[in-house]
Amino acid sequence: MAQDVIEAPTAIIDLKFKTTTVFPAGETFIIEADYFGKPLPEVAWLKEGKEIDKSTTRMEVKTTLTHTSLVVSDCVRSDGGHFMLNLSNIGGTTTVPVIVKVLDKPGPPDGSIKVKVISAEKCNLHWNPPVNDGGATVTHYVIEKRETSRVTWTGVDSQVEGVSYKVSKLVPGKEYIFRIAAVNKYGIGDFLETEPFIAQNPYTTPSAPSIPVASAVAGDSIVLTWERPTSDGGSEIDGYILEKRDKDGVRWTKCNKRRLNDLRFRCTGLTEGHYYQFRVCAENAAGLGTPSEPSDYIKVCDVTYPPGPPTNLKSPGHSRSTVSLSWSKPIYDGGSAITGFVVEMKEAGEEEWTECPTSTGIVDTNYTVRRLRENAEYNFRVCAVNAAGAGEFADLPESVVATEKVEPPEIELDQSLRKIVNVRSCSTLHLCVNIRGNPEPEVKWSKEGGSLSERAQIEVTPSYTELMIENVNRNDTGKYVLVAENCAGSKSAFINVRILDSPSAPTQLQVKDVKRDSAFTSVCSDCVRNSYKIENLQEGCFYFFRVLAVNEFGCGLPVETTDAVKVAEVPLSPGKITLVDVTATSAKLTWEKPDHDGGSKITSYMVEMQTEDEDLWTMCSESRALEVTIEGLIKGNKYFFRVSAANEKGRSEPKLLPAPVTVKDNSVKPVINLLCNSFSVKTGNDLKIDVPFKGTPQPTVEWRKDGIELKETSRVNVQTTETSSQITIKDATKLDVGSYEVLVSNAVGTTSAEFSVNVFERPGPPCDLKIDEVSVDFVSLSWEAPIYIGGCQISNYVVEKRDTSSTFWQCVSGTVARTSIKISRLTQGVEYQFRVAAENRYGKSSYVESDPVIAQYPFNPPGPPIDLHVVRASKNAIVILWGKPETDGGDPILGYHIECKDQSNSCWLKCNFTNLLDTFLEVTGLTEGEQYDFRVIARNAADLFSAPSENTGPITIQHDVEPPKIVMDDLFRQVVVVKSGDLLKIDADISGRPNPTVTWQKNGRIIGAKGRVEIHITKMHTSLVIRECVRKDSGQYTLTLQNAGSATSKTITCKILDRPGPPAGPLKVSGISAEKCCLSWEPPMEDGGAEIMHYTVEKCETSRVSWTLVYDDMMATTCKITKLVKGNEYLFRVKAVNKYGEGETLESDPVKALDPYTTASAPTDVEVTSASADSMTVSSFTLTVPYSGKPTPSVTWDKVDVDLRVRGLINTTSSVSSLTVEQATRDDSGKYVVKLQNPAGSASLTLSVRLWTKQQLKYILN
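All residue numbers here refer to positions counted from 1 along the written sequence of the relevant chain. Side-chain atom pairs in this predicted model are given and counted only at pLDDT of 80 or more, local residue features only at pLDDT of at least 70, and totals for whole chains, interfaces and linings cover all residues. Each side-chain value is worked out from all heavy atoms of the structure, with water and hydrogens disregarded.

### Quick word on the sheet that holds strand β77 (residues 866-873)
Here is step 1: The antiparallel open sheet is built from 3 strands, whose spatial order is β77-β78-β81. The strands lining the two open edges of the sheet, one partner per strand, are β77 and β81 (920-923). Sheet twist, expressed as the average angle between the axes of neighbouring strands with direction ignored, equals 20°.
Here is step 2: Bridge count for β77 against strand β78 (residues 878-883) is 5 bridges, and the pairing is antiparallel. Within the sheet, the bridge partner assigned to alanine 873 lies in β78 and is isoleucine 878. In this description, strands pair whenever DSSP reports at least two bridges between them. Secondary structure elements are taken from DSSP: a helix is a run of H or I of four residues or more, a strand is a run of E of two residues or more, and numbering for both begins at the N terminus. Axis definition: a line fitted to C-alpha atoms, over the contacting stretch in the case of helices. Angles run 0 to 180 degrees between N-to-C directions.

### As for unusual backbone geometry
Here is step 1: Proline 39 follows lysine 38 through a cis peptide bond whose omega is -10°.
Here is step 2: Cis geometry is adopted by the peptide bond preceding proline 1191, which originates at lysine 1190 and carries an omega value of -5°.
Here is step 3: Looking at where proline 1191 falls in the secondary structure, it is placed in the loop between β102 (1176-1186) and β103 (1194-1198).
Here is step 4: Phi angles above zero are rare outside glycine, and glutamate 1028 is one such case at about 50°.
Here is step 5: One non-glycine residue, aspartate 1201, lies in positive phi territory at about 65°.
Here is step 6: Each residue is assigned to one of three classes by its accessible area relative to the maximum for its type, calculated with a 1.4 Å probe on protein chains only: buried under 20%, partly exposed between the two thresholds, exposed over 50%. Classification of aspartate 1201 by relative accessible area gives exposed; the value is 80%.

### As for the UniProt feature "domain: Fibronectin type-III" (unreviewed entry) in the protein
Here is step 1: Cross-referencing UniProt, the feature "domain: Fibronectin type-III" (unreviewed entry) maps to residues 109-202, 208-307, 309-409, 573-666, 765-858, 864-960 and 1062-1156 in the present numbering.
Here is step 2: Helix makes up 0% of residues 573-666 and strand 48%, with an end-to-end C-alpha separation of 30 Å. UniProt positions are given in the numbering used here, feature names are shortened, and annotations may be inferred rather than shown by experiment.

### Side note on the pattern of salt bridges
Here is step 1: Whenever Lys or Arg places a side-chain nitrogen within 4 Å of a carboxyl oxygen from Asp or Glu, that contact is recorded as a salt bridge. This model, assessed by the stated rule, comprises 33 salt bridges.
Here is step 2: Taking the shortest distance from any N to any O, the salt bridge between glutamate 350 and lysine 711 comes out at 3.9 Å. Taken together, the residues glutamate 350 in the loop between β28 (340-347) and β29 (354-355) and lysine 711 in the loop between β63 (708-709) and β64 (716-720) connect sequence positions 361 residues apart.
Here is step 3: Judged by its relative accessible area of 54%, lysine 711 is exposed.
Here is step 4: Beyond isolated ion pairs, a larger network of salt bridges with shared partners links Glu608, Arg642 and Arg651.

### Points about the sheet that holds strand β22 (residues 264-267)
Here is step 1: Taken together, 3 strands build an open sheet; the order of strands is β18-β19-β22 and the sheet is antiparallel. In the strand order of this sheet, the two ends are held by β18 (213-217) and β22, each with one partner. Each strand axis lies, on average, 25° off the axis of its neighbour in the sheet, ignoring direction.
Here is step 2: As defined by bridge partners, strand β19 (residues 222-225) adjoins β22 across 4 bridges and the pair is classed as antiparallel. Across the sheet, isoleucine 222 pairs through a bridge with cysteine 267, a residue of β22.

### Quick look at the UniProt feature "domain: Ig-like" (unreviewed entry) in the protein
Here is step 1: UniProt annotation of "domain: Ig-like" (unreviewed entry) refers to residues 397-496, 654-758, 964-1053 and 1156-1248 when read in the numbering used here.
Here is step 2: In residues 654-758, helix accounts for 0% and strand for 57%; the two terminal C-alpha atoms are 60 Å from one another.

### Concerning the nonpolar core
Here is step 1: The biggest cluster of nonpolar side chains holds 22 residues, and the ones touching the most others in it are Leu429, Leu431, Val433, Trp445, Tyr480, Ile495 and Val497.
Here is step 2: For this core, the secondary-structure elements that each account for two or more residues are β36 (421-424), β37 (429-438), β38 (442-447), β40 (464-469), β41 (478-486) and β42 (489-500).
Here is step 3: Only heavy atoms enter the contact rule, under which two residues are in contact if any of them lie within 4.5 Å. Ignoring any residue separated from it by four or fewer positions in sequence, one finds leucine 431 in contact with Leu417, Trp445, Thr465, Glu466, Leu467, Tyr480, Ile495 and Val497. Note on terminology: a nonpolar core comprises buried Ala, Val, Leu, Ile, Met, Phe, Trp, Tyr and Cys residues joined through side-chain atoms within 4.5 Å.

### Let's talk about the side chain of serine 235
Here is step 1: Looking at the element boundaries, serine 235 is found in the loop between β19 and β20 (239-246).
Here is step 2: Of the residues examined, serine 235 reaches a relative accessible area of 13% and is grouped as buried.
Here is step 3: Contacts of serine 235, omitting those with residues within four sequence positions, involve Tyr203, Asn284 and Ala285.

### Quick notes on a negative patch on the surface
Here is step 1: A cluster of acidic residues, Glu612, Asp613, Glu614 and Asp615, forms a negative patch at the surface.
Here is step 2: Along the chain, glutamate 612 falls in the loop between β52 (604-611) and β53 (618-623). Patches here are clusters of residues that have more than 30% relative accessible area and form no salt bridge, with a 9 Å joining cutoff for like charges and a 5 Å cutoff for nonpolar side chains (Val, Leu, Ile, Met, Phe, Trp, Tyr). The Shrake-Rupley method, run with a 1.4 Å probe sphere, supplies the accessible areas, and residue values consider only the shown protein chains as cover. We count Lys and Arg on the positive side and Asp and Glu on the negative side, and we leave His and both chain ends out. Here the site of a charge means atom NZ of a Lys, CZ of an Arg, CG of an Asp or CD of a Glu.

### Quick word on the environment of aspartate 1149
Here is step 1: Of note, aspartate 1149 is situated in the loop between β99 (1141-1147) and β100 (1151-1152).
Here is step 2: A relative accessible area of 60% places aspartate 1149 in the exposed class.
Here is step 3: Residues aspartate 1149 and leucine 1131 lie 18 residues apart in sequence; the distance between their C-alpha atoms is 6.4 Å.
Here is step 4: In contact with aspartate 1149, other than residues within four places in its own chain, are Tyr1130 and Leu1131.

### A look at the confidence of the model for the protein
Here is step 1: Residue-level pLDDT values for the protein average 85, and 94% of them are 70 or greater.
Here is step 2: A residue's pLDDT is simply how confident the predictor is in it, with values from 0 to 100. Segment residues 515-520 is flagged for pLDDT under 50; beyond a separation of four residues in sequence, or across chains, it makes 29 contacts in the model.
Here is step 3: Contacts of residues 1257-1262 to residues separated by more than four positions or lying in other chains number 5 contacts, the stretch itself having pLDDT below 50.

### Comments concerning the environment of lysine 1231
Here is step 1: Mapped onto the elements, lysine 1231 comes out in strand β106 (residues 1230-1238).
Here is step 2: Between the C-alpha atom of lysine 1231 and that of glutamate 48, which follows or precedes it by 1183 residues, the distance is 84 Å.
Here is step 3: Excluding residues that lie within four positions of it along the chain, lysine 1231 makes contacts with Asp1198, Lys1199, Thr1246, Leu1247 and Ser1248.

Shown next as structure tokens:
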């Protein structure tokens, strides 16, 4: 009886080759081994994973039936490495590794030598150690050089221990080559050479800057600007030299004494009326470059222009809601004094700039922007303003994030500054103070009771500030205050300075007790007397007074009264008093100024009132305005009012309102007279809409767009008067399309009007272009209409095509009315691309293109048959069975072709010569004892053949078939437990005839020998070895044996003890509100072989990188998160913990802490149809609730004992739900509950509705 005897290859090799084998260079080494196996194994020798070519010089492979050897003659360094003997037959593959090291001189340095030229005389060399060190440590390197014009090499250094070297003493202009060799104890290795290079400076003088441009011309100066040179010569620009030439002269003279670092310079000392030319040259390390072309002649005269941009704009500090800005005045003031500054800001990503609001304007060179959103990113810019208008903006170089910093400023005063600082007149005052703070504090010097001298020079650095005043005089005496401020706080200190000089003018000269014939003055100074009585003054005249102080240095300066002093009196009574408006609780009065203010400015007006039945006058208002609204009056009462004027001399006689005021309600609800509710404009044009209204008291106006408060920009502005409100839209775009609403409100009520704005322009591109059908000569396309149609209907579509080998588009049709088309007359086999554009009366949209498609029949070859196997075998026949292909290629399968080949023939022969419809076949006429291989090919109705199926493998034709059998140790019948990092080994004895095919599977998937997994198979035994086990190695391992007789398998369950895997996701976030939410998850799929003890829960704001621990001992798989910050976005993560430690994390998607609902809007469309003493009928009312959620939640309305689906009308969209109750009565009062539900959680809102009685309704309507 014929039998197959299969033995896997084995090899026996000398024990010395089990470890690294060392050979000296120049010797011959031999690696030999004995081998066995049935059938005879194929022998291959490999080096570094590649088979050794038998024609390789100095290497010879000798092989007999049982012995093989590899001989390497005169070995060199490159012959070392990893050798491998590979033996293979049908029983398996065996490999024997051998590591050989050849002791020799080292190889050349790895890679290339990098040369960095420092100057014309120096350069740096960098290289890598050699890949092959010759079996010994590299001790040092040898460096040599030569000029390319010579052939001899010159030594540079023969004992270089590092991998870099600095070469000096090169000859400028010469071309050099360097070479480097490594040295070990066996000698000097091969040299590695550099590319030739020339010893020269890596930079030259810069090119010429641009021609200077005059940006501002004054009477004796000109501001000039220029651009950087196109080339800096390879070295950074150190500065610029500006030169000028008078039209009447020939010499160029320097404008700047020191080198300029800016691209702008104010040239002073010019003669008014003269003409000048200017040129500029740049300077770097190589020296001055060529000068620019001279400018045109410029006449020096006074001209006023807008100022230049502010300089040195920076942000010295910021907090969570503020950003501090500081800057310096522009270099060029435009010929007019700077009157103020304008600060604008915008959030990063936005287009529109917004002016920062100020109440008094910005005069100083610093400003703090307030009311910013925390963690928001902002951009800022500043411009100066003079008499000619606003100048150019200076942008803050980087955006600023509104975050908090906590290091307040500190000021350290020297001991000498803590006392009074005495300085002689005409000397120089120096005050130097150390400061610190983070962010860098903003420093401000001031003088108490006055302003700093124009001679004051202030220098500020991060560590100190200095105040210097040259040629001081008596006016510089005083207390100097230093304030250091940043977003974390402020710090101030003062220094007393005394200037030794003749006395200054006395201070606080005042005139008191002015009478008809005298005036008494009081002066606060160091004099013994500070008052004097002046007599014999003439009534009605104006007088000036002045006082001088005298000390040992002489007579000081005088101080004078700023205004003439006149004998004054109390003012006359106010003029006409008018009653403007009366409501149920208030009255509004206006009056005129007195005819004469008594010679002194009116300081206030006092309003008093008196009821009809009282004698006492009560003060109800005191202000400087000429009008007042008096609140808190009682309806139906009568009141008298009077007004008095007051100045510094006293109070005038009161002026009485002629008639008493009866308090009653004259209020009228606002009324809007909008003539049209739809407006249209063409894109780019301006649109103005005027909305007239009236109402008492004066209403306020609010504008909304698409339900959101309208934000005014530079294009969209709203102007409101007492009778109308006008919106102006400049350069209309599609962003202005929408529904606009005007709300006019006063104390009586609110009235609104809506209108729509439509902008006409060309449409957007069509959407979702699809290829529906492809054939040999036509293609069917379909698409969706554009999302944006440009304000008017789409008139037609334009369809074009092109051959992908060409760039020319050919029009298919320009008048397509529908959103689909069938394109015919295509060429078979040609690849086409199509595009479609929409068109309306204002133009054609951009095109949307399809993917390339080939014009061909829509049929493909079928897939290969599957699951081919032998069902039964006998001594001259065999039955094979297979499954249908997974795909038929678009046409039904018509039949199969079966092919076979024996082991002695390499050609496949047909087993059936007619079409086979079944998925099985009995193959007869086979030779007993021979081995055959089979495969199947499918054919479909398009006459296309599939690829062959997988082969059955060699099948021996014989009667003696023994089913496969697996024998395992009893310990594998239980769960096999292995600790993480240990070795897992599963052994089994196997048998069967013919020899069965062995397959190992894990959790139903076939595994192979790879990485940590080793599979050993012999004729009688197989084993699975997994080294350094980890948690994912847990599972069910299945050993399957299959031969022609049958198949058998056994399953072994393994558990790896390790930390658990991540909890089963997703991590669900539900019940989200502004302050809390709920998390839920599932236990881990892999528990690491131990019970889960608890879970760790953490949270993180998406704007931060650190995680915050919420729970570290959560036992359940749900938890509640509290103390969230409303509006912030959060991430959550959960880790399982067992006795082996914490597992992997499961992370949620980002969620925002927001309530899932808003307050309900007021009921609308309420109408009373009938009313009695205790009841009424409201025709209908509507409750509207906006909501949000993802996915869109389901909405239900509930009321106790009422089915609202019958009683009311419920209307729900994706974001709003409303309930309308028709023919409402008082029984419809009560609580209405809205419930929201989606997979993430639920929410509810209770609305209370109350219907009033007739008397209550009357009161409300009044």
